[in-house]
Amino acid sequence: MKLLRYGPAGREKPGLLDSTGIIRDLSGQFPDITPDRLSPESLQHLASLDPTTLPAVSGAPRLGVPIQGVRKFLAVGLNYADHAAESNLPIPAEPVLFTKAVSCLSGPNDPVMLPRESIKSDWEVELGIVIARTARYVREADALSHVAGYVLVNDVSEREYQIERGGTWDKGKGCDTFGPVGPWLVTADEVGDPQALDMWLDVNGKRMQTGNTRTMIFPVAHLVSYISRFVTLEPGDIITTGTPPGVGMGQKPAPIYLKEGDTMRLGLSKLGEQQQNVIAWREGGAA
């Protein structure tokens, strides 16, 4: 299934995308797609529904983050060897973990707003994992049973804040609008092997990133197991899993960073596409 939330920001309704590409309204089933709706039992109930019996949504409404009420937005850095190389950093012996503030979450096609005085904002196409049930000290062999599904993520990053301002990476990762997620949450059964997904990202129509999740240093099952040793993973938590090479920081002969008026378009096989226009910082946010 492809689960989604559609409508104006803050007033989204739950929906699913049927096999013909039509959005079907789920609000007659429940008020919203919340963490408690991601349990195996809830997903099995949804899978038993006949989409043609659900109301069709007309037009092309705005899409929001596919889950309402995300508690944690965790992230893995340097999880592709060639991206570590372009960043001039060693391949990590264990996963590099950081957090993205949940306040940075935004819809897949909402504008990305540059922070005030940003000079090095960058793009990162990534596979996101959505947790289905509570995970603590999960064995790697059991890890995928804790996954509800997967999402496309653009891990937008301000490199000066991240790298040059001291402290942790978090300050360059959680700026408002720096977490576009969606368009859909695709359930694990429909995705199949999460280590066989193509990914790409264009800036202003030029291909910048091309990769495949098979080249991850630490695959999905390992990440869920590893992170559950340090953090209790809860339903609805999102883990974004790293990016392949081609980020702006790694461009040769000189880095390229986002500026007002740029357009990012990105995609991941089975998980859909996103497109964001880049806007300057403004009082009151990107809306």
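Calculation notes
- For every chain, the first residue of the written sequence is number 1, and numbering continues from 1 onward in sequence order.
- Whole-chain, interface and lining totals are the exception, using all residues; otherwise, since this is a predicted model, local features are given only for residues with pLDDT of at least 70 and side-chain atom pairs are given and counted only at 80 or more.
- Side-chain descriptors were evaluated using all non-hydrogen atoms of the structure, hydrogens and water having been removed beforehand.
- Numbering of helices and strands starts at the N terminus; helices are DSSP runs of H or I of at least 4 residues and strands are runs of E of at least 2.
- Only the C-alpha atoms count toward the radius of gyration. The rule for a globule is 2.2 Å times the residue count to the power 0.38.
- Only protein chains enter the accessibility calculation, which uses a 1.4 Å probe. A residue is then buried if its area is under 20% of the maximum for its type, exposed if over 50%, and partly exposed in between.
- Contacts between residues were defined by any pair of non-hydrogen atoms, one from each residue, lying within 4.5 Å.
- Strands are labelled as partners when DSSP assigns at least two bridges between them.
- Throughout this description, the term salt bridge denotes a Lys or Arg side-chain nitrogen within 4 Å of a carboxyl oxygen of Asp or Glu.
- Residues grouped as a nonpolar core are buried Ala, Val, Leu, Ile, Met, Phe, Trp, Tyr and Cys residues, joined through side-chain atoms within 4.5 Å.
- Polar contacts, as used here, are pairs of N or O atoms within 3.5 Å; protein pairs need one atom able to donate a hydrogen and one able to accept it. Residues neighboring in sequence count only if both atoms are side-chain atoms.
- Note on terminology: pairs of cysteine sulfur atoms within 2.5 Å are recorded as disulfides.
- For cavity detection a 1 Å grid was placed over the protein atoms alone, and a set of points counts as a cavity when a 1.4 Å probe fits there but cannot get out; an open set counts as a pocket when protein lies on both sides within 12 Å along at least five of seven lines, with lining residues being those that have an atom within 4 Å of a point.
- Grid points are joined across faces, edges and corners, and a volume is the space filled by probe spheres set on the points.
- Ten residue types, Ala, Val, Leu, Ile, Met, Phe, Trp, Tyr, Cys and Pro, are classed as nonpolar, four, Asp, Glu, Lys and Arg, as charged, and the remainder, Gly among them, as polar.

Caption draft 1: Spatial organisation of the overall build of the protein chain. Per the secondary structure count, the protein chain includes five helices and 18 strands. The globule rule puts the C-alpha radius of gyration for 287 residues at 19 Å, and the 18 Å found for the protein chain is close to it. Summarising its shape, the C-alpha atoms of the protein chain cover approximately 55 × 45 × 30 Å along the three principal directions. For the protein chain, the residues scored as buried account for 59% of the 287 residues in total. Sequence separation of 24 or more characterises 75% of the internal contacts of the protein chain that already satisfy a separation of 6 or more.

Caption draft 2: Seen up close, the pairing of strand 14 (residues 198–203). Most of strand 14 is tucked away, with five of its six residues classed as buried. Relative to strand 15 (residues 206–212), strand 14 runs antiparallel, the two being bridged by six bridges. By the bridge assignment for strand 15, Leu201 is matched with Gln209. Linkage of strand 14 to strand 15, two consecutive antiparallel strands, is achieved through a turn of two residues, within which Asn204 is found at a positive phi near 55°. Bridge count for strand 14 against strand 17 (residues 263–268) is five bridges, and the pairing is antiparallel. Note that in strand 17 the partner of Trp200 across the bridge is Gly267.

Caption draft 3: Examining the pattern of salt bridges more closely. For the coordinates displayed, the defined rule picks out 19 salt bridges. A salt bridge links Asp36 to Arg37; its shortest N-O distance comes to 3.9 Å. Assessed through its relative accessible area of 51%, Asp36 is described here as exposed. Between Lys173 and Glu124 there is a salt bridge; the shortest N-O distance is 3.2 Å. Within this pair, whereas Lys173 is found in the loop between helix 3 (159–164) and strand 12 (179–180), its partner Glu124 is found in the loop between strand 8 (121–122) and strand 9 (125–131), the two being separated by 49 residues in sequence. For Glu124, a relative accessible area of 4% corresponds to the buried category. Connected through salt bridges with shared partners, the residues Lys100, Asp122, Glu124, Asp155, Arg159 and Lys173 form a single ionic network.

Caption draft 4: Fine view of the nonpolar core. Core analysis: the biggest nonpolar cluster contains 75 residues, and Leu3 and Ile238 have the highest contact counts within it. In this view, Leu3 contacts Gly15, Leu16, Leu26, Ile33, Leu43, Leu46, Pro66, Pro183, Trp184 and Leu185; residues no more than four positions away in its chain are not counted.

Caption draft 5: Molecular detail of the pairing of strand 1 (residues 2–6). Of all the five residues making up strand 1, five are buried; the element is thus mostly covered by neighbouring parts of the structure. Across the two faces of strand 1 the burial is the same, with Lys2, Leu4 and Tyr6 and Leu3 and Arg5 all buried. Alignment of strand 1 against strand 13 (residues 185–187), held across two bridges, turns out to be antiparallel. Its bridge partner being in strand 13, Leu3 is matched across the sheet by Leu185. Bridge count between strand 1 and strand 2 (residues 13–17): five bridges; the pairing is antiparallel.

Caption draft 6: Spotlight on the side chain of Thr243. Locating Thr243 in the fold gives a position in the loop between strand 16 (238–240) and strand 17. Since its relative accessible area comes to 1%, Thr243 is described here as buried. A distance of 2.7 Å separates a polar atom in the side chain of Thr243 from a polar atom in the side chain of Gln209. When residues no more than four places from it in sequence are discounted, the contact partners of Thr243 are Tyr80, His83, Glu124, Val125, Glu126 and Gln209.

Caption draft 7: Expanded view of the state of the cysteines. For the structure on display, the rule yields zero disulfides. The cysteine Cys104 is free of any disulfide, with Cys175 supplying the nearest cysteine sulfur at 8.4 Å. Owing to a relative accessible area of 0%, Cys104 belongs among the buried residues under this scheme. What makes Cys175 buried here is its relative accessible area of 14%.

Caption draft 8: View of the sheet that holds strand 7 (residues 112–113). One open sheet accounts for five strands, arranged 7-18-17-14-15; its pairing is mixed. Pairing within the sheet leaves two strands with one partner each, and these edge strands are strand 7 and strand 15.

Caption draft 9: Expanded view of the layout of surface pockets. Empty space within the largest pocket amounts to approximately 470 Å³. Contributing to the lining of the largest pocket are 21 residues, with Ala9, Arg62, Leu105, Ser106 and Asp110 lying nearest its centre. Of the residues belonging to the lining of the largest pocket, the class tally is nine nonpolar, seven polar and five charged. Around the second largest pocket sit 13 residues that line it, and Leu17, Gly21, Ile23, Leu63 and Trp184 are the ones nearest its centre. Residue composition of the lining of the second largest pocket, by class: nine nonpolar, three polar and one charged.

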